[in-house]
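Descriptive analysis of the structure
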Amino acid sequence: MTTRLNYAVLSVILFGLTASSIIVTAQSPRSRPSAKQAGRNLSNPAINSIVRQIDARNIERTIRQLVSFGTRNTLSEQNDPKRGIGAARDWLYAEFLKAAETSNGRMTVEKQSYEQPKAQRVPQPTIITNVVATLKGSQPEATDRIYVVSGHYDSMCNSPTDAKCDAPGANDDASGTAAVLEMARVMAKFEFDATIVFMAVAGEEQSLLGSTHFAEQAKQKNWNIDAMFTNDIVGNSLGGNGIRNRNTVRVFSEGVPTNETTAEATTRRSVGGENDSASRQLARFIKETSELFVPQMNVMMIYRRDRYGRGGDHIPFLERGYPAVRFTEVNEDFRHQHQNVRIENGVQYGDLPQFVDFAYIANVARVNAAALARLAYAPARPKDVTIVSRLADDTELRWEANKEPDLHGYEIVWRDTTAATWGDVRPVGNVTSFTLKGMSKDNYFFGVRAVDKEGNRSPVTFPRPVTRTQPTNRSTTTSSSP
Ligand SMILES: [Zn+2]
């Protein structure tokens, strides 16, 4: 209780700092703070608490338990309580239920099953089951906004259709599954504005079947999935190249949206934007959040959808227009992925627990959890953001008003067109348009993000150009600076 009170006092002080810095900045455009400086005023004790509570020992326990089922191949036994994917499914379901017990009824757990017809890696019709834990958001205006985090609990040895061989899958992908379960365990106790779905999917090695089913259901039901993270192969800190790196995780994001329309492509070729998809903004948001809340970890943004010749559970989401990224360790060791367990010329092959680093996985889970929590506390990223396309020295941005009652206002961010991350930020208050006087839209990339009263920032929305002729009656602020 005392701790909580201290946090409350701290928040008031920090919020005071934030508010004063906004005023100063608005009056003095030349002393604009960088994104990092603005972020320094940003504190969220709940996120710090979540990060602290993630425990590598739980992750180790989950991985060893999943490995103990012998194989989790999607085609393996579904009704044996000891061996096969069915045992793993039931164990995970029970564990997510335990997490839900602490949520005051806000977390529900289900097995989402369907029958997959015969396919390339599915020799006979097979039941695929995702274990899905949904932590419902508490703010009526935000509860339909959904963030999904997944790992795949199926595994394989050399052959994806070998249902009998041992396929421990400690790294691929008990690591991601264990990270997701640990996030659910910790985060179920916290109350967020938006909804978070913690998911263990099957059929990944059979061509992303479980995640495709979930994403397609979401699309059919018109779910507002605002971001999706997949954690796949996040457990090994020692690469096949001999390099040990315990403090970096790769976040893969596509630059050009998988589902880009012809018209969008025409616009992009004209004014750029190949580095500004919603998924890329998400990657930037994760990097920024990690710097704020998990400083021991570096997020290495990779500007591609996935590695060469590989895929992951984020792809079905991208195909349906949902922003999504993939988390993976920095240096992979292919002797411990998709291999029959064996010793060959003195080399141990196989995806065994001895080759995963539980403390490293816990740090990857912390980066995920901090970003998810920040997303679910923050307002939605601004919608319908446009940049007025006309010959002018000024840059005029417009957007739709957010609906959250705890909205504080908006920030315009910009960066050099060659920069990787947003460099400059300007709080503009609770308005739906803003003109930056004397700043050419041709020389920078711009974006808009929403901020709530506690200082939680949304990801950035990149504007699309519009040619505006008619004035609107929206509340407008114009910068007075030259
Ligand atoms: Zn995998």
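As shown above, the structure is provided for reference.
Described below are features of the structure shown in this document. (Residues numbered from 1 in each chain as written. Predicted model: local features only at pLDDT ≥ 70, side-chain atom pairs only at ≥ 80, totals over all residues. Heavy atoms only, no water.)

1. A word on the nonpolar core
Nonpolar side chains in soluble globular proteins tend to end up buried together. Counting 84 residues, the largest nonpolar core has Met183, Phe198 and Phe229 as its most contacted members. Here this core takes 15 residues from helix α11 (residues 358-377), the largest share from any one element. Not counting residues up to four positions away in its chain, the partners in contact with Phe198 are Phe96, Met107, Val131, Val132, Ala133, Leu135, Val149, Val180, Met183, Ala184 and Met187. (Core = buried A, V, L, I, M, F, W, Y, C linked by side-chain atoms within 4.5 Å. Buried < 20%, exposed > 50% of the residue type's maximum accessible area, 1.4 Å probe, protein only. Helix = DSSP H or I, 4+ residues; strand = E, 2+ residues; numbered from the N terminus. Contact = heavy atoms within 4.5 Å.)

2. Side note on the sheet that holds strand β6 (residues 248-252)
The strand order across the open sheet formed by eight strands is β1-β2-β4-β3-β5-β8-β6-β7, and the pairing between neighbours is mixed. Of all strands in the sheet, those with a lone pairing partner are β1 (107-116) and β7 (298-302), marking the two edges. With strand direction ignored, the average angle separating the axes of adjacent strands in the sheet is 25°. Judged from the four bridges that link them, strand β5 (residues 224-231) and strand β8 (residues 324-329) form a sheet pairing that is parallel. Across the sheet, the residue bridging to Asn231 is Phe327, located in β8. Running over the sheet, helix α7 (residues 209-220) touches β1, β2 (126-135), β3 (145-152), β4 (195-201) and β5 and is turned about 110° from β1. (Pairing = 2+ DSSP bridges. Axes fitted to C-alpha atoms, helices over the stretch in contact; angles between N-to-C directions.)

3. Examining the coordination of the zinc ion
Octahedral metal centres with six donors ideally show angles of 90 or 180 degrees, and tetrahedral centres with four donors ideally show 109.5 degrees. Donor atoms from the polypeptide that bind the zinc ion are His152 (NE2), Asp172 (OD), Asp232 (OD) and Asp232 (OD), placed at 2.0 to 2.6 Å. Taken together, the four donor atoms coordinating the zinc ion and their angles of 53 to 145° define a geometry best described as irregular. Along the chain, the residues donating to the zinc ion are arranged with the sequence spacing H-x19-D-x59-D. Here His152 is found in strand β3, whereas its partner Asp172 is found in helix α6 (residues 170-187), with 20 residues between them in sequence. Classification of His152 as buried rests on a relative accessible area of 0%. (Donors = N, O, S within 2.8 Å, 3.2 Å for Na, K, Ca; no water. Tetrahedral: all angles 85-135°; square planar, octahedral: opposite > 155°, others 65-115°.)

4. Points about the layout of surface pockets
Approximately 1000 Å³ is the volume attributed to the largest pocket. If you go around the largest pocket, you meet 38 residues; those closest to its centre are Pro257, Glu264, Asp276, Ala278 and Phe462. Residue contributions to the lining of the largest pocket peak at five residues, all from helix α8 (residues 262-271). A class-by-class count of the residues in the lining of the largest pocket yields 15 nonpolar, twelve polar and eleven charged. (1 Å grid on protein atoms, 1.4 Å probe; cavity = no way out; pocket = protein on both sides within 12 Å on 5 of 7 lines; lining within 4 Å. Points joined across faces, edges and corners; volume = space filled by probe spheres on them. Nonpolar A, V, L, I, M, F, W, Y, C, P; charged D, E, K, R; others polar.)

5. Focus: the packing of helix α3 (residues 45-53) against α11
α11 packs onto α3 with a crossing angle of 155° between their chain directions and a minimal axis gap of 9 Å. One way to sum up the angle between α3 and α11 is to call them roughly antiparallel. The handedness of the crossing between α3 and α11 comes out as right-handed. Contacts from Ala46, Ile47, Ile50 and Val51 of α3 reach α11 at Arg366, Ala369, Ala370, Ala373, Arg374 and Tyr377. Here the contact of α3 with α11 is composed, by residue class, of eight nonpolar, no polar and two charged. (Parallel < 35°, antiparallel > 145°, perpendicular 65-115°, else oblique. Left-handed = near helix turned anticlockwise from the far one by under 90°.)

6. Things to note about the pairing of strand β16 (residues 444-452)
Side-chain direction in a regular strand flips from residue to residue, so the side chains alternate between the two faces of the sheet. Taking burial as the measure, the nine residues of β16 include eight buried ones, the bulk of the element. Bridge analysis of strand β13 (residues 407-416) against β16 gives nine bridges, and the strand direction is antiparallel. Looking at the pairing, Tyr410 lines up with Ala450 of β16.

7. Structural notes on the packing of aromatic side chains
Scanning all chains against the criterion turns up nine aromatic pairs. Seen from their ring centres, Phe214 and Phe317 are 6.0 Å apart, and the 35° between their planes marks the pair as tilted. Here Phe317 lies in helix α10 (residues 315-319) and Phe214 lies in helix α7, a separation of 103 residues in the sequence. When its relative accessible area of 2% is taken as the criterion, Phe214 is described as buried. The structure contains a cluster of three or more aromatic residues connected by ring pairs, namely Phe214, Trp223, Phe317 and Tyr322. (Phe/Tyr/Trp six-rings, centres within 6.5 Å; stacked < 30°, edge-to-face > 60°.)

8. Quick look at the pattern of salt bridges
Taken as a whole and assessed by the stated rule, the structure comprises 33 salt bridges. Between Lys98 and Glu95 there is a salt bridge whose closest N-O contact spans 2.8 Å. Taken as a pair, Lys98 and Glu95 lie in helix α5 (residues 85-100) at a separation of three residues, close to a single helical turn. In this structure Glu95 comes out as buried when scored by relative accessible area, which is 8%. Ionic pairing is found between Arg185 and Glu182, a salt bridge with its closest N-O pair at 2.8 Å. Of this pair, Arg185 and Glu182 both sit in helix α6, separated by three residues, roughly a single helical turn. Owing to a relative accessible area of 3%, Glu182 belongs among the buried residues under this scheme. Here the salt bridges share partners, and the residues they tie into one network are Asp232, Arg250, Asp306, Arg307, Arg310, Arg326 and Glu332. (Salt bridge = Lys/Arg side-chain N within 4 Å of Asp/Glu carboxyl O.)

9. Description of α5
When the terminal C-alpha atoms of α5 are compared, their 22 Å separation across 16 residues agrees well with the 22 Å that a helix rising 1.5 Å per residue should span. Looking at the packing, one finds that the buried side of α5 touches α4 (56-67), β1, β2, α6 and β4. (Expected span 1.5 Å × (residues − 1).)

10. Examining the packing of α5 against α6
Each packed pair of helices is defined by two parameters, the angle between the axes and the distance between the axes. Look at α5 against α6: their axes get within 8 Å of each other, and the N-to-C directions meet at 25°. It follows from the interaxial angle that α5 and α6 lie roughly parallel. Pair α5 / α6 crosses with right-handed handedness. Across the interface between the two elements, Trp91, Leu92, Glu95, Phe96 and Ala99 from α5 touch Thr177, Val180, Leu181, Ala184 and Arg185 from α6. Looking at the contact of α5 with α6 residue by residue, the classes come out as seven nonpolar, one polar and two charged.

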